[in-house]
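Breakdown of the fold
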Amino acid sequence: MTDSVSDNIGKLYDYYNVLVEAGDKIGEHEQEYLEILSSIKGTANEKRLASQFIAKFFKHFPAHYDKAIDALLDLCEDEDINIRKQAIRDLPTICKDCKEYVPRITDILAQLLVAEDASELQIVNNSLITVCKVCPKGFLGGLFSQIESGEDATREKITKFLSIKMKTLPNEIWTKEIEEYFLQECRKVIQDCTKDEFIIFMNLLSGLKITKTISGQQVLVEMITEQAELEVPFNPADSEMIDKFLMCVRSAIPHFSPFVPSNAYVQYITTQLIPSMTELAATMSDSFPAIELDLLQLLSELVVYVQPTNTNHIISVEECQGILFNKLLEFMPLPTLENESGDTLSEEPSFQLTHVECLLHTFHTLGKSDPSFLDKAGEETMKDFRARLQYLARGVQNYIKKLKEALSTVKKTPESAKNEENRLKLVALRTTSNINTLIRDLFHPKPIYKATIQLSWKPSPTKNPVIKTSSPTAEEPTVGNANPNKRKLITAPESDRPPRKEFKQIYAPPGGKFSSNFRGGYSDFRGRGRSRGSRGRFGNRYSY
């Protein structure tokens, strides 16, 4: 038996020597190559040798290309892991001289990403990278073919591979042609993808050179807007809809500019979401306060990129101003009444200052585009508005004074910079200062819209070297019976809401690739939702 095995190994080497020595006449030795192909049914050592020889001489026998690839594919599925590893290493050899087979070989290797053995998986990764360097476009074509038509498990592995390995590829691979092809293929698969896949593809696309251009950013925004489905009326009873919109708008924000306007998103939030807040509160339950603040913060970030004259989406500035004005009044109570003896008849209200900052900033920014809204307001409306502004300003200025006094006692040390209470006080100071600045513009006899502010939850352009002021917070400063030396006085006014918890799935998401295994998340220091999770399409409600 041993002699027989040895003879078979010897024959394989004989075939190898014949083919090597044939030179330009190698094509005449078809029978030797067929003998090598048949050796894939031999012993483990025969299979491993056959794998190497099949790949090495592949290009010389075009009549047997399909048979050779099928033979290597059989070896890739062998029960012996060492045989599989050898075949996986040899597959890229085919591509070096036959680049037209790069998509097919990539397709095969992509399916092997589901390998459970770590060492085998590493070889699959290395082979894929080798193939990519041979022909990037064919490589991407093979990957996206599997993404579109392969099993969910394979698709997930390929997406993960791209998210990890794409950044490690040599820069020269990413020519303009390849980037455009990658963008085109991503646009197709994003039409039917999971939440995690959407985020991964958007992150990958954001790293391309072409998406740093105006045209590239416009394409990305268009892709995201297709997913956001802004043409569909908002249904506050559909928690999936708000999850999906929040994810889309967060993905889109980095790509807006004076040349890529945010009109459609500002109009949608203002005219569709804000009027639905009461119904949304019933749907989102305990998580609604955080969702509401998140939407208002996103709106504040988006509004600076509104271009009213943009022909692609004409925004109704006056309609938006009317809705925002009414919403703003909800967070700006009238002055507390006093009786004849001077005693207050009710407790001083607690202003939700981050909400106020968001709404004031959005309303003020739209006023730069159309300053006539308040000019058209009736005398009684303006009298009421000014009374609210004055009352708010008085409380804000008092709070600013107390915050400055409290912060003046803080020793400027590295330890103080890490103190959470000090950070919250600084954010509260930025919030109240912004509100005070905006009030000054609006309180003019004829309101003006000249001020520009840095939103309190956004990174500061000039950071304090000792106490960092750039980190936003989920906890909102309040004004009322306040003593800023106590932490509780610069936390969110919704003080009776429960502490943050891990988010849990509270309903079964619908089926389909874009509908299964989607886990929503909502946690961030500044109260901004950041969805993290596994598969599924915008399906889980926020839990709070």
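Cut-offs used in this document
Numbering of residues begins from 1 in every chain and follows the order in which that chain's sequence is written. Note on the predicted model: pLDDT of at least 70 is required for a residue's local features to be given, and 80 or more for side-chain atom pairs to be given and counted; whole-chain, interface and lining totals, by contrast, use all residues. As a convention, hydrogens and water are excluded, and side-chain values are obtained from all of the structure's heavy atoms. Between the rings of Phe, Tyr and Trp (Trp by its six-membered ring), a pair exists once the centres lie within 6.5 Å; its type follows the angle of the planes, with under 30 degrees stacked, over 60 edge-to-face, and the other angles tilted. Note on classification: 1.4 Å probe, protein chains only; a residue is buried when its accessible area is under 20% of the maximum for its type, exposed when over 50%, partly exposed between these limits. Counting from the N terminus, the helices are DSSP H or I runs at least four residues long and the strands are E runs at least two residues long. A ring has a charge above it when a Lys NZ or an Arg CZ is no more than 6 Å from the ring centre and no more than 35 degrees off the ring normal. Axis lines are fitted to C-alpha atoms, over the contacting stretch for helices. Their N-to-C directions set the angle, which ranges from 0 to 180 degrees. Put simply, angles under 35 degrees are roughly parallel, angles over 145 are roughly antiparallel, angles from 65 to 115 are roughly perpendicular, and the rest are oblique. The crossing is said to be left-handed when, going from far helix to near helix, the turn is anticlockwise and less than a right angle, and right-handed when the turn is clockwise. Residues count as neighbours in contact if any of their non-hydrogen atoms are within 4.5 Å of one another. The residue classification treats Ala, Val, Leu, Ile, Met, Phe, Trp, Tyr, Cys and Pro as nonpolar and Asp, Glu, Lys and Arg as charged. All others, Gly included, are polar. Here the expected span of a helix is defined as 1.5 Å times the quantity of residues minus one. A pair is scored as a salt bridge if a Lys or Arg side-chain nitrogen falls within 4 Å of a carboxyl oxygen belonging to Asp or Glu. Confidence of the predictor at the level of single residues is given by pLDDT, which spans 0 to 100. Within this scheme, the nonpolar core is defined by two criteria: the residues are buried Ala, Val, Leu, Ile, Met, Phe, Trp, Tyr or Cys, and they are joined through side-chain atoms within 4.5 Å.

**A short note on the packing of aromatic side chains**
Counted under the stated rule, the structure contains 19 aromatic pairs. With a centroid separation of 4.3 Å and an interplanar angle of 10°, the aromatic rings of phenylalanine 58 and tyrosine 65 are classed as stacked. Residue tyrosine 65 is classed as buried on the basis of its relative accessible area, which comes to 11%. Centre to centre, the rings of phenylalanine 245 and tyrosine 268 are 5.1 Å apart; their planes meet at 35°, and the pair counts as tilted. Within this pair, whereas phenylalanine 245 is found in helix 13 (residues 239-252), its partner tyrosine 268 is found in helix 14 (residues 263-273), the two being separated by 23 residues in sequence. For phenylalanine 245, a relative accessible area of 3% translates into the label buried. Linked through ring pairs, Tyr13, Tyr16, Phe53 and Phe57 together constitute an aromatic cluster. The ring of phenylalanine 57 is capped by lysine 56, whose NZ or CZ atom sits 5.9 Å from the centre of that ring.

**Focus: the packing of helix 6 (residues 102-111) against helix 8 (residues 136-149)**
Two numbers describe a pair of packed helices, the interaxial angle and the distance between the axes. One way to put it is that helix 6 packs onto helix 8 with a least axis distance of 7 Å and a crossing angle of 45°. Comparing their axes, helix 8 and helix 6 come out oblique. Here helix 6 runs over helix 8; the crossing is right-handed. For the pair formed by helix 6 and helix 8, the contact residues are Val102, Pro103, Thr106, Asp107, Ala110 and Gln111 on the first element and Gly138, Phe139, Gly142, Leu143, Ser145 and Gln146 on the second. Looking at the contact of helix 6 with helix 8 residue by residue, the classes come out as 5 nonpolar, 6 polar and 1 charged.

**Focus on helix 17 (residues 317-330)**
With 14 residues, helix 17 should reach 20 Å at 1.5 Å per residue; the first-to-last C-alpha distance of 20 Å fits that figure. Along helix 17, 10 of the 14 residues are buried, which leaves the element largely enclosed by surrounding structure. Burial in helix 17 covers these residues: Val317, Cys320, Gln321, Gly322, Ile323, Leu324, Phe325, Lys327, Leu328 and Leu329. In this structure, the buried residues of helix 17 make contact with helix 14, helix 15 (277-284), helix 16 (288-302), helix 18 (353-369), helix 19 (373-376) and helix 20 (379-408).

**Looking at unusual backbone geometry**
We note that glutamate 229 has phi near 50°; this positive angle belongs to a residue other than glycine. As for its position among the elements, glutamate 229 is in the loop between helix 12 (214-228) and helix 13. Accessibility expressed as a relative area gives 32% for glutamate 229, which makes it partly exposed.

**Here we look at helix 3 (residues 44-56)**
Spanning 13 residues, helix 3 covers 19 Å between terminal C-alpha atoms, matching the ideal 18 Å at 1.5 Å per step. Taken together, the buried positions of helix 3 are occupied by Glu46, Lys47, Leu49, Ala50, Ser51, Phe53, Ile54 and Ala55.

**Quick look at the pattern of salt bridges**
The full count for this structure, using the stated rule, is 21 salt bridges. Measuring nitrogen to oxygen at the nearest pair gives 3.5 Å for the salt bridge that ties glutamate 301 to lysine 458. Of the two residues, glutamate 301 sits in helix 16 while lysine 458 sits in the loop between helix 22 (420-442) and strand 2 (478-479), which places them 157 residues apart along the sequence. Take lysine 458: its relative accessible area is 26%, and that puts it in the partly exposed class.

**With respect to the confidence of the model for the protein chain**
Detailed reading of the predicted coordinates is not advisable wherever pLDDT is low. Taken residue by residue, the protein chain gives an average pLDDT of 82. The fraction at 70 or more is 80%. Per-residue pLDDT stays below 50 along residues 462-544; that stretch engages in 261 contacts with residues further than four places along the chain or on separate chains.

**Quick notes on the side chain of serine 127**
Relative to the elements of secondary structure, serine 127 occurs in helix 7 (residues 118-134). Filtering out sequence-adjacent residues up to four positions away, serine 127 remains in contact with Ile88, Arg89, Pro92 and Leu109.

**As for the nonpolar core**
One finds Ile54, Phe182, Leu205, Tyr265, Phe385 and Leu392 to be the most contacted residues of the largest nonpolar core, which totals 153 residues. Looking at this core, the element that brings in the most residues is helix 20, giving 11 residues. Ignoring any residue separated from it by four or fewer positions in sequence, one finds tyrosine 265 in contact with Val221, Ile224, Thr225, Ala228, Leu230, Phe245, Val249, Ala252, Phe256 and Leu302.

**Focus on the packing of helix 9 (residues 152-165) against helix 11 (residues 195-206)**
One way to put it is that helix 9 packs onto helix 11 with a least axis distance of 10 Å and a crossing angle of 30°. When the axis of helix 9 is compared with that of helix 11, the two are roughly parallel. Here helix 9 runs over helix 11; the crossing is left-handed. Listed contacts from helix 11 to Arg155, Thr159, Leu162 and Ser163 of helix 9 are Glu197, Ile200, Phe201 and Leu204.

**So, the side chain of histidine 361**
Checked against the element boundaries, histidine 361 lands in helix 18. Owing to a relative accessible area of 6%, histidine 361 belongs among the buried residues under this scheme. Setting aside chain neighbours within four positions, we find histidine 361 in contact with Ser300, Val303, Val304, Leu438, Ile453 and Leu455.

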